[in-house]
Amino acid sequence: MTHETPKTMGQQFGRRSWAEPWKIKMVERLRMTTREERDKALIEAGLNTFLLKSDDVYIDLLTDSGTSAMSDEQWAGMMLGDEAYAGSRNFYHLEAALQKYYGYKYIVPTHQGRGAEHLISQIAIKKGQFVPGNMYFTTTRLHQELAGGIFVDVILDKAHDPNSLHPFKGNIDVAKLEALIAREGASKIAYVSLAGTVNMAGGQPVSMANVKELRALCDKHGIKLYLDATRMVENAFFIQEREEGYAKKTIAEILKEFCGFTDGAWMSAKKDNLVNIGGWLAVNDWTMFEELRNLVVVYEGLHTYGGLAGRDMEAMAIGIAESVEDAHIKSRIGQVRYLGDLLTDWGIPIVQPVGGHAIFLNAREFYPHLKQIEFPAQTLAAELYLDSGIRSMERGIASAGRDAKTGDHYYPKLELTRLTIPRRVYTQAHMDVVAESVKAVFDARGATRGLKMIYEPKYLRFFQARFERLIA
Ligand code: P70
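Computed from a predicted model, the values in this text were never measured in an experiment. Sequence order as written defines residue numbering, which begins from 1 separately in each chain. Owing to the predicted nature of the model, reporting of local features is limited to residues with pLDDT of at least 70; listing and counting of side-chain atom pairs is limited to 80 or more, with chain, interface and lining totals taken over all residues. Based on all heavy atoms of the structure, the side-chain values leave hydrogens and waters out of the count.

Caption draft 1: Structural context of the overall build of the protein chain. In terms of regular secondary structure, the protein chain is built from 17 helices and 14 strands. Just to be clear, the radius of gyration here is over C-alpha atoms, and the globule rule we use is 2.2 Å times residues to the power 0.38. For the protein chain, whose C-alpha radius of gyration is 22 Å, the value lies close to the compact-globule estimate of 23 Å for 472 residues. Burial classes follow relative accessibility: with a 1.4 Å probe on protein chains only, a residue under 20% of its type's maximum area counts as buried, one over 50% as exposed, and anything between as partly exposed. A buried classification covers 58% of the 472 residues belonging to the protein chain. Here, two residues are considered to be in contact whenever any of their heavy atoms come within 4.5 Å of each other. Contacts in the protein chain between residues at least 24 apart in sequence constitute 72% of all its contacts with a sequence separation of at least 6. Approximately 20400 Å² of the protein chain is accessible, and the part contributed by carbon and sulfur atoms is 53%. Asp and Glu are treated as the negative residues and Lys and Arg as the positive ones, with His and the ends of the chain left uncounted. Where a charge lies is defined by one atom per residue type: Lys uses NZ, Arg uses CZ, Asp uses CG and Glu uses CD. Positive and negative side-chain charges of the protein chain, numbering 57 and 59 respectively, have mean locations separated by a distance of 2 Å. Comment: elements are numbered from the N terminus, with helices defined as DSSP H or I runs of at least four residues and strands as E runs of at least two. Here the open area of atoms and residues is found with the Shrake-Rupley method and a 1.4 Å probe, where only the protein chains shown may cover a residue.

If you want it as structure tokens, here you go:
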């Protein structure tokens, strides 16, 4: 019998090991389930992972939204909530943190990202105007459409190719944007909608060079440039790593520089900002701020709380400062990459290069025998849950929805299943379990059949749609 010397992960990769820049003070126990229990739970959920009870889930990779572990200092901050209706001290802490790290002048808190999207869409879009952006995001596009806008995808073509290794696949194709402006005229463009790390493209970043070029183009035509800053801190990491001249700058410096090229931002603070609930809007223009501040009281709450408790704003202010620490972001993205490296090495098709917040399994290549209308990504999410109790999310045809005019399904080029990694929550051992489960489902792929949708809600159908297995 041969004895192999065990190796640490760092040794296997030919480098020194690194570890998370935190230690665990409190744990949340997980429940393991049997395959029979999962089979039953999955059928009850209409084969939609959004409809599973979280008690039936072992490792929850549905989303990185609101699922972060807060630090001891954030929890301490929760005790310092000033729950005054107006002028809560925590609002001023949040305002100061945003001014310091993102650099915007005026801020409006909201209950979460879509609350902010709603307000900015209502104010900045006139009916019939175009909203060019770097790929759609579900809630963002819906709010733009509800405000009468027409979303136009102007991202690089390469972003739709899961195998392209372009380092900044989130970039806007400036030629596409110029062509739209030339065709429609600047007055028909509501604003440019730029997302820092593009969720639906696989968490792909935007370069500093791109935002600079967009600023110049927008200035030339008098068009506003607004940022979806939800995962902009993660975007800053990729600039530091990949863009010339940024290796020695800190994440905080890069974040502020990038935001400085935009007119304002909306945010789902449930991601980068390390809180379980919250969002904000921030702008530099006083008139725009006045309008936002006025509308927030209609839909969210007074402009100094926007639907949040004082304690939530305090946790957010502290979370913002923690989120821009270089050690935090290195280990956060390092963990995502670790899982991606394992899967890539085993020949499992994933979106390359690995992005900031998740691994996106390429369900088209995973199940080449399934048609897109048989919901390959939804099928893969169901199979993964059945195998091991891991919960992932469909990001393909079900998420894309239907064309509002023709009523036909959108057939997105990307048909993906997302394994989203919450921040500071799971360990390397959890990632190993996930990788092995994906491999088991991959090895059994030939016998897997697709799904049909048997219930379809009108808005954001993927959240509540129900499916049935197709019988061969
Ligand atoms: C996710 C979450 C939320 C999100 C986002 C970007 C780039 C805005 C928002 C909205 C939650 C989600 C939302 C819709 C479908 C599935 C999942 N993304 N911009 O898991 O923020 O959720 O706070 O209203 O990613 O990716 P919020």
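Caption draft 2: Region of the structure containing helix 9 (residues 232-242). For helix 9, the buried fraction is high: 9 of the 11 residues fall into the buried class. Of the residues making up helix 9, those classed as buried are Met 232, Val 233, Glu 234, Asn 235, Ala 236, Phe 237, Phe 238, Ile 239 and Gln 240. Along its buried surface, helix 9 packs onto helix 8 (208-221), strand 6 (225-228), helix 10 (251-259), helix 12 (310-323) and helix 13 (326-345).

Caption draft 3: Spatial organisation of the packing of helix 9 against helix 13. Comment: axis = line fitted to C-alpha atoms, over the contacting stretch for helices; angle = value between 0 and 180 degrees taken between N-to-C directions. Helix 13 packs onto helix 9 with a crossing angle of 90 degrees between their chain directions and a minimal axis gap of 10 Å. When the axis of helix 9 is compared with that of helix 13, the two are roughly perpendicular. Where helix 9 approaches helix 13, its residues Val 233, Glu 234, Phe 237, Phe 238, Gln 240, Glu 241 and Arg 242 are matched on the opposing element by Asp 326, Ile 329, Lys 330, Arg 332, Ile 333 and Arg 337. Under the scheme applied here, ten amino acids are nonpolar (Ala, Val, Leu, Ile, Met, Phe, Trp, Tyr, Cys and Pro), four are charged (Asp, Glu, Lys and Arg), and all others, including Gly, are polar. Counted by class, the contact of helix 9 with helix 13 contains 5 nonpolar, 1 polar and 7 charged residues. Oblique is the label for any angle not covered by the other classes, which are roughly parallel (under 35 degrees), roughly antiparallel (over 145) and roughly perpendicular (65 to 115).

Caption draft 4: Spatial organisation of the nonpolar core. Core analysis: the largest hydrophobic core is formed by 60 residues, its most contacted members being Tyr 102, Leu 194, Leu 227, Phe 258 and Trp 280. Discounting residues that sit within four places of it in the chain, Leu 194 has contacts with Asn 134, Ile 172, Val 206, Val 211, Leu 214, Leu 225, Tyr 226, Leu 227, Asp 228 and Phe 258. Nonpolar cores are built from buried Ala, Val, Leu, Ile, Met, Phe, Trp, Tyr and Cys residues. Side-chain atoms within 4.5 Å join them into one set. Val 354, Leu 361, Met 431 and Val 441 belong to the second largest nonpolar core, which has 30 residues in total.

Caption draft 5: Seen up close, the site of the ligand. Throughout, near means a residue has at least one heavy atom within 4 Å of the molecule or strand. Around the ligand, 21 residues are found, and the nearest of them are Thr 63, Asp 228, Ser 268, Lys 271 and Arg 418. The term polar contact refers here to a pair of N or O atoms within 3.5 Å; inside protein, the definition further demands a hydrogen-donor-capable atom paired with an acceptor-capable atom, and it admits residues adjacent in sequence only when both atoms are side-chain atoms. The contact in question runs from a nitrogen atom of the ligand to an N or O atom on the side chain of Lys 271, over 2.9 Å. Note that an oxygen atom of the ligand is positioned 2.7 Å from one of the side-chain N or O atoms of Arg 418. Relative to its unbound accessible area of 560 Å², the ligand is 97% covered by the protein chains. If you list the elements that add at least two residues to the shell around the ligand, you get helix 5 (113-124), helix 6 (138-146) and strand 11 (393-395). When residues in the shell around the ligand are grouped by element, the largest group, 3 residues, is from helix 5.

Caption draft 6: Quick peek at the sheet that holds strand 11. Taken in spatial order, the 3 strands line up as 9-12-11 in an open sheet, and their pairing is antiparallel. Strands with a single pairing partner mark the edges of an open sheet, and in this sheet they are strand 9 (358-362) and strand 11. Going across the sheet, the axis of each strand differs from the next one's by a mean of 35 degrees, ignoring polarity. With 5 bridges connecting them, strand 9 and strand 12 (residues 416-420) associate as antiparallel partners. Bridge pairing links Ile 359 to Leu 419 in strand 12. We treat two strands as partners when DSSP finds at least two bridges between them.

Caption draft 7: Spatial organisation of the state of the cysteines. Note on terminology: disulfide denotes any pair of cysteine sulfur atoms within 2.5 Å. Summed over all chains, the structure comprises 0 disulfides. Here Cys 218 is not disulfide-linked; the sulfur of Cys 259 is the nearest cysteine sulfur, at 15 Å. Accessibility expressed as a relative area gives 1% for Cys 259, which makes it buried.

Caption draft 8: Just a nonpolar patch on the surface, in detail. A patch is a set of surface residues, each over 30% in relative accessible area and not in a salt bridge, joined within 9 Å for like charges and within 5 Å for the nonpolar side chains Val, Leu, Ile, Met, Phe, Trp and Tyr. Salt bridge, as used here: a side-chain nitrogen of Lys or Arg that lies within 4 Å of a carboxyl oxygen of Asp or Glu. Nonpolar side chains collect at one region of the surface, where Val 297, Val 298 and Tyr 299 lie side by side and expose about 300 Å² of accessible area between them. Examined against the element boundaries, Tyr 299 turns out to sit in helix 11 (residues 286-299).

Caption draft 9: Main features of the pairing of strand 5 (residues 192-195). Residues Val 192 and Leu 194 of strand 5 are buried on one face, and the alternating residues Ser 193 and Ala 195, pointing to the opposite face, are buried as well. One ladder, built from 4 bridges, connects strand 5 with strand 6; its direction is parallel. Note that in strand 6 the partner of Val 192 across the bridge is Leu 225. Each parallel crossover has a hand, and the one from strand 5 via helix 8 to strand 6 is right-handed. Consider the strands pointing away from the viewer: the crossover is right-handed when the path from the first strand over the helix to the second runs clockwise.

Caption draft 10: Structural context of the packing of aromatic side chains. Two aromatic rings, drawn from Phe, Tyr or Trp (for Trp, its six-membered ring), form a pair once their centres lie within 6.5 Å of each other, and the interplanar angle then sorts them: stacked below 30 degrees, edge-to-face above 60, tilted otherwise. For the structure on display, the rule yields 14 aromatic pairs. Here the aromatic rings of Phe 237 and Phe 238 are separated by 5.6 Å at their centres, their planes lie at 80 degrees, and the arrangement is edge-to-face. With respect to burial, Phe 237 and Phe 238 carry one shared label: buried. Here a set of aromatic residues connected by ring pairs shows up, and it is made of Phe 50, Phe 462 and Phe 463. Whether a charge sits over a ring depends on NZ of Lys or CZ of Arg being within 6 Å of the ring centre and within 35 degrees of the ring normal. Above the plane of the ring of Phe 462 lies Arg 395, whose end atom (NZ or CZ) is 5.0 Å from the centre. Note that Arg 445 overlies the ring of Phe 442, its terminal NZ or CZ placed 3.8 Å from the centroid.

Caption draft 11: Seen up close, unusual backbone geometry. Here the residue pair Gln 352 and Pro 353 is connected by a cis peptide bond, since its omega of -15 degrees sits within 30 degrees of zero. Within the secondary structure, Pro 353 sits in the loop between helix 13 and strand 9. Despite not being glycine, Arg 424 has its phi angle at roughly 65 degrees, a positive value. As for its position among the elements, Arg 424 is in the loop between strand 12 and helix 17 (428-443). Of note in the backbone geometry, Leu 460 takes a positive phi value of approximately 40 degrees without being a glycine.

Geometric descriptors of this kind do not, in isolation, establish any biological role.
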